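The lines below spell out each chain.
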Amino acid sequence: MMHRSRFYNGLRLHLGLKRWFLPHPVVSAMLAMLAPRRLRLPTVTLGEFLGTPPPTISFRALYEPEINTPPTDFIPLCTLARGIDARRILEVGTYNGASAINFALACPEAKVTTYDIRPESGELLATAETEVRSQIDRRIANFATEDNRLAVEPPYDFIFIDGDHRLESVRRDSALALRCIRPGGIIAWHDYRHVGSEWLQGLNEVPEALNELAKHHPLRLLCGTTVAVLRIPTN
Ligand SMILES: C[S@@+](CC[C@H](N)C(=O)[O-])C[C@H]1O[C@@H](n2cnc3c(N)ncnc32)[C@H](O)[C@@H]1O
């Protein structure tokens, strides 16, 4: 009896917490009504975007801590990087290092440069295999102020922007990414979506920034993901 009531209390608490923390479908629907034109990039499948059947990719291990880029976004991102045989990958926003490790695992020929403004970021890199670590160049700096350094480096094949999601930062990071990507390369942005409290607090303005950019570049939303993508023309 004792056990049973503890079980039900636990379950109630669990469901209660979930209600607070998970975006409820009704909340999502209300947000969509409040901003009917917020998410307006046209969608595209991986194959349509690449113009070829997407490659099959495999990971020896997949780093998937709870609050990182989820596999539903991460696997398509790595598939795109492999699809263009990216050898130079740049990431804005290392966080704990999981996404940089996943890029390195999925693209063993690639060098992955990952930026984070916080010196304590990238803690998972210490746990990665030696070859994977040797693929990763970790830079502690504000990406937006790296113009001079990046200008003298060869251009990048694939850039993943997942740093500060506020409007000015996304604008600034995107402008710099456009200057360091090669013709035919891909820029991908994470978190093109409604994120309840983050959006309402002005912490996720990726859609606003990208809708602006889409007036000048053919940005697309990858089907089934929160990832927006742009392929740079070759001519
Ligand atoms: C959403 S997390 C990145 C998650 C990571 N890409 C993943 O999926 O594992 C955002 C990170 O961007 C970093 N950041 C914010 N502004 C930045 C900037 N201007 N330059 C470099 N990093 C920045 C933050 O410190 C934070 O660790």
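Residues numbered from 1 in each chain as written. Predicted model: local features only at pLDDT ≥ 70, side-chain atom pairs only at ≥ 80, totals over all residues. Heavy atoms only, no water.

Undergrad: Got a minute to help me understand the site of the ligand in this structure?
TA: Of all residues adjacent to the ligand, which total 17 residues, the nearest are Asn-68, Thr-69, Gly-93, Asp-116 and Asn-142. Contact between the ligand and Glu-91: a nitrogen atom at 3.3 Å from a side-chain N or O atom of the residue. Gly-93 places a main-chain nitrogen or oxygen 2.8 Å from a nitrogen atom of the ligand. Protein contacts shield 86% of the accessible area of the ligand, which totals 610 Å² for the unbound molecule. Class assignment for the residues of the shell around the ligand results in five nonpolar, seven polar and five charged. (Near = heavy atom within 4 Å. Polar contact = N/O pair within 3.5 Å; in protein donor to acceptor, adjacent residues only side chain to side chain. Areas by Shrake-Rupley, 256 points an atom, 1.4 Å probe, with all protein chains shown as cover. Nonpolar A, V, L, I, M, F, W, Y, C, P; charged D, E, K, R; others polar.)

Undergrad: So what exactly am I meant to see when it comes to the nonpolar core here?
TA: Soluble globular proteins tend to bury their nonpolar side chains together. Grouped together as the largest cluster of nonpolar side chains are 32 residues, with contacts concentrated most on Leu-77, Leu-80, Ile-89, Phe-103, Ile-136, Phe-158 and Val-229. If you list the elements that add at least two residues to this core, you get helix H3 (46-50), helix H4 (71-83), helix H5 (98-106), strand S5 (156-161) and strand S6 (181-189). The greatest single-element share of this core, amounting to six residues, is contributed by H5. Val-92, Leu-176, Ile-181 and Ala-209 belong to the second-largest nonpolar core, a separate cluster that totals 27 residues. (Core = buried A, V, L, I, M, F, W, Y, C linked by side-chain atoms within 4.5 Å. Buried < 20%, exposed > 50% of the residue type's maximum accessible area, 1.4 Å probe, protein only. Helix = DSSP H or I, 4+ residues; strand = E, 2+ residues; numbered from the N terminus.)

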